[in-house]
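# Structural characterization, general
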Amino acid sequence: MVRYPDPVLKRVAEPVGEVTEDLRRLSADLVDTMRAMPATVGLAAPQVGEPVRAFVLDVRGHRRADTAHGLVSLFDPEILEAGDPDVLREGCLSVPDLTANVRRPRRVALRGLVPDGSVRVYRMQGFEARAALHEVDHLDGLLILDRVAAPSDLFARKVYR
Amino acid sequence: MAHYAVTAIGADRPGIVAALTGALQDLGGNLEDVSSTILRGHFAMMLVVDAPGDPDEVRASLERAAADVGVRVHVADVEAGAPERPRATHVLTAYGSDRPGIVATLAGLFSERGVNITDLSCRRTAGPEPIYAIIAEVAVPESVPAEDLHGAVLSAARDLGVDARLEPVEVETL
């Protein structure tokens, strides 16, 4: 896991074009890492130091989940449609000491490559849509700090020394 | 390196933050948390800073900078090992027709129960029938049942004639 200010978190990640064996391994690593972290529903490749457009997501069982497509692994995701924003306080493993009120669409349609190389479209609602858009932000070098609208939207999470 | 808590207040104008933080920079200081706002035309800032050198010189330098921009500054030595920041567990919002005692009543109710207010911002609207609005973050100890506290807040709000909500702070780590 890398943390801000690692520069990989602030660059636009590279498209993969096609899904290779290495990328399938990367996706499996992302899943393992995501599952090893407490209360973590998604992870993007830049968060483990890999500047490629890949993320994984699994919101099954989350109390906020509306739609849940199970384990989602997408490469080169493209937002086809998004709308109906709301605000939620988000934390991020890559910026562990801050949280922020982030406004995001409640509804998104995403198209991307899945590990078997085929193209898939996901229509997500609610928390799953939010989580997916948080991960897509990582692929564009955007963190929750880039999404705050006012000073009152930013919070220190931890005690400090 | 000493640790200071600095407060500044005065009639607002552009350049106050620049003057005060510039003076701290010239002293070799490094800022920690800063909160600055405008309260009905009055500039108000609080900050915590680490600064080397003679405390009297730090104080004198800030006072000179403050006088240049027409604000009054107060500098307090604080301990370097900052106490822990209490973690906010709930957000209170309350609003209604303005009347004296809304904040004091709600704050008193928290105080009686050992609930710490970690952040507070209140606004009163202008005009003949002003609205008063409060948003606060509070740290509710585990020994205080949140439902009881919520009940007490709603009951006090009814007596005050304001609308109130106490919601848990929920952070989703993505």
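Refer to the structure presented above.
Residues numbered from 1 in each chain as written. Chains lettered and ligands numbered in written order. Predicted model: local features only at pLDDT ≥ 70, side-chain atom pairs only at ≥ 80, totals over all residues.

### Quick notes on the packing of helix α1 (residues 16–26) of chain B against helix α2 (residues 55–68) of chain B
Residues and elements named next belong to chain B. One way to put it is that α1 packs onto α2 with a least axis distance of 9 Å and a crossing angle of 160°. Between α1 and α2, the interaxial angle falls into the category roughly antiparallel. The chirality of how α1 crosses α2 is right-handed. Facing A19, L20, G22 and A23 of α1, the residues of α2 in contact are S61, L62, A65, A66 and D68. A class-by-class count of the residues in the contact of α1 with α2 yields 6 nonpolar, 2 polar and 1 charged. (Axes fitted to C-alpha atoms, helices over the stretch in contact; angles between N-to-C directions. Helix = DSSP H or I, 4+ residues; strand = E, 2+ residues; numbered from the N terminus. Parallel < 35°, antiparallel > 145°, perpendicular 65-115°, else oblique. Left-handed = near helix turned anticlockwise from the far one by under 90°. Contact = placed C-beta atoms within 7 Å. Nonpolar A, V, L, I, M, F, W, Y, C, P; charged D, E, K, R; others polar.)

### Structural notes on the nonpolar core
All names here are of chain A. The biggest cluster of nonpolar side chains holds 38 residues, and the ones touching the most others in it are F55, L57 and A132. Secondary structure elements with two or more residues in this core: α1 (21–36), β1 (42–44), β2 (54–57), β3 (72–91), β4 (98–113), β5 (119–125) and α2 (126–139). If one sorts the elements of this core by residue count, α2 sits on top with 7 residues. (Core = buried A, V, L, I, M, F, W, Y, C linked by C-beta atoms within 7 Å. Buried ≥ 20, exposed ≤ 12 C-beta atoms within 10 Å, placed from the backbone.)

### Side note on the pairing of strand β3 (residues 42–51) of chain B
Residues and elements named next belong to chain B. Alternating positions in β3 separate cleanly, F43, M45, L47, V49 and A51 being buried on one face and H42, A44, M46, V48 and D50 remaining unburied on the opposite face. Both strand β1 (residues 2–11) and β3 contribute to a ladder of 10 bridges, which runs antiparallel. Note that in β3 the partner of A11 across the bridge is H42. Both strand β2 (residues 30–39) and β3 contribute to a ladder of 8 bridges, which runs antiparallel. Following the sheet pairing, L39 is matched in β3 by H42. Connecting β2 to the antiparallel partner β3 that follows it, the hairpin turn spans 2 residues, and R40 within it adopts a positive phi of roughly 40°. (Pairing = 2+ DSSP bridges.)

### Re α2 of chain B
Residues and elements named next belong to chain B. The end-to-end C-alpha distance of α2, which contains 14 residues, comes to 20 Å, matching closely the 20 Å that a straight helix rising 1.5 Å per residue would cover. The complete set of buried residues in α2 reads V58, S61, L62, A65 and A66. For α2, the buried positions fall inside an angular range of 135° around the axis, keeping them on one side. Across from the buried face of α2, at angles greater than 90 degrees, the exposed residues are D56, E57 and R64. At its buried positions, α2 is contacted by β1, α1, β3 and β4 (71–78). Residue G70 follows α2 closely and has a positive phi angle near 75°. (Expected span 1.5 Å × (residues − 1). Arc of directions from axis to C-beta.)

### Quick look at the environment of I131 of chain B
All names here are of chain B. Counting through the fold element by element, I131 comes out in strand β7 (residues 131–139). Since 14 C-beta atoms lie within 10 Å of it, I131 is described here as partly exposed. When the C-alpha atoms of I131 and S111 are compared, they prove to be 25 Å apart, with 20 residues separating the residues in sequence. For I131, the contacting residues outside a window of four places in its chain are Y95, S97, D98 and T125.

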